Amino acid sequence: MDIESLRDYCLSKPAVEETFPFGVETLVYKVGGKIFLICSLNSDSFQFNVKCDPEKAIELRERYDCVQPGYHMNKKHWNTIVVDGSANNSLLKEWIDDSYDLIVASLPAKAREQLKGKK
């Protein structure tokens, strides 16, 4: 996965908004106004942050070297994924999907219903 395929994948999800609220070096994807993925455009390695269930976050960090506590994020709820080839694209997409789904589940019922119509 590279930055373009990450971008395409995120934007393929219903109601996703691409923003730069922290400056031009930080790409942010939101659904319902809430962040589900952050990607630095000026880091030495290609990596991104995704939200994660706290128990699963620990499990993933123990199982995969490319999964680390969320950089500049609440480390209980966020993981940083270093795209170094050790996790395949389907696994990376699964982690992005999990983050998106967690955010959607946290939205008010009316917002979730509106999203269902956009799928």
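Residues numbered from 1 in each chain as written. Predicted model: local features only at pLDDT ≥ 70, side-chain atom pairs only at ≥ 80, totals over all residues. Heavy atoms only, no water.

A.B. asks: Got a minute to help me understand unusual backbone geometry in this structure?
C.D. replies: Among all residues except glycine, the phi angle is most often negative; among peptide bonds, the trans geometry is most common. With phi around 60°, A15 is a residue other than glycine that occupies positive phi space. Inspection of the secondary structure assignment puts A15 in the loop between α1 (3-11) and β1 (16-19). A positive phi angle, close to 60°, is found at H72, a residue other than glycine. Mapped onto the secondary structure, H72 falls in the loop between β5 (67-69) and β6 (78-82). H72 gets classed as exposed once you look at its relative accessible area, which sits at 67%. (Helix = DSSP H or I, 4+ residues; strand = E, 2+ residues; numbered from the N terminus. Buried < 20%, exposed > 50% of the residue type's maximum accessible area, 1.4 Å probe, protein only.)

A.B. asks: Sorry if this is basic, but what is going on with the sheet that holds β1 here?
C.D. replies: Strand-to-strand pairing in sheets goes through backbone hydrogen bonds, with the strands running parallel or antiparallel. Spatially, β1-β2-β3-β4-β6-β5 is the arrangement adopted by the six strands of the open sheet, whose pairing is antiparallel. In this open sheet, the two edge strands, each paired with only one partner strand, are β1 and β5. The sheet shows a mean angle of 25° between the axes of neighbouring strands, direction not considered. Examined bridge by bridge, strand β3 (residues 34-40) and strand β4 (residues 47-51) share three bridges and lie antiparallel to one another. Considered in β4, the bridge of C39 is made with F48. (Pairing = 2+ DSSP bridges. Axes fitted to C-alpha atoms, helices over the stretch in contact; angles between N-to-C directions.)

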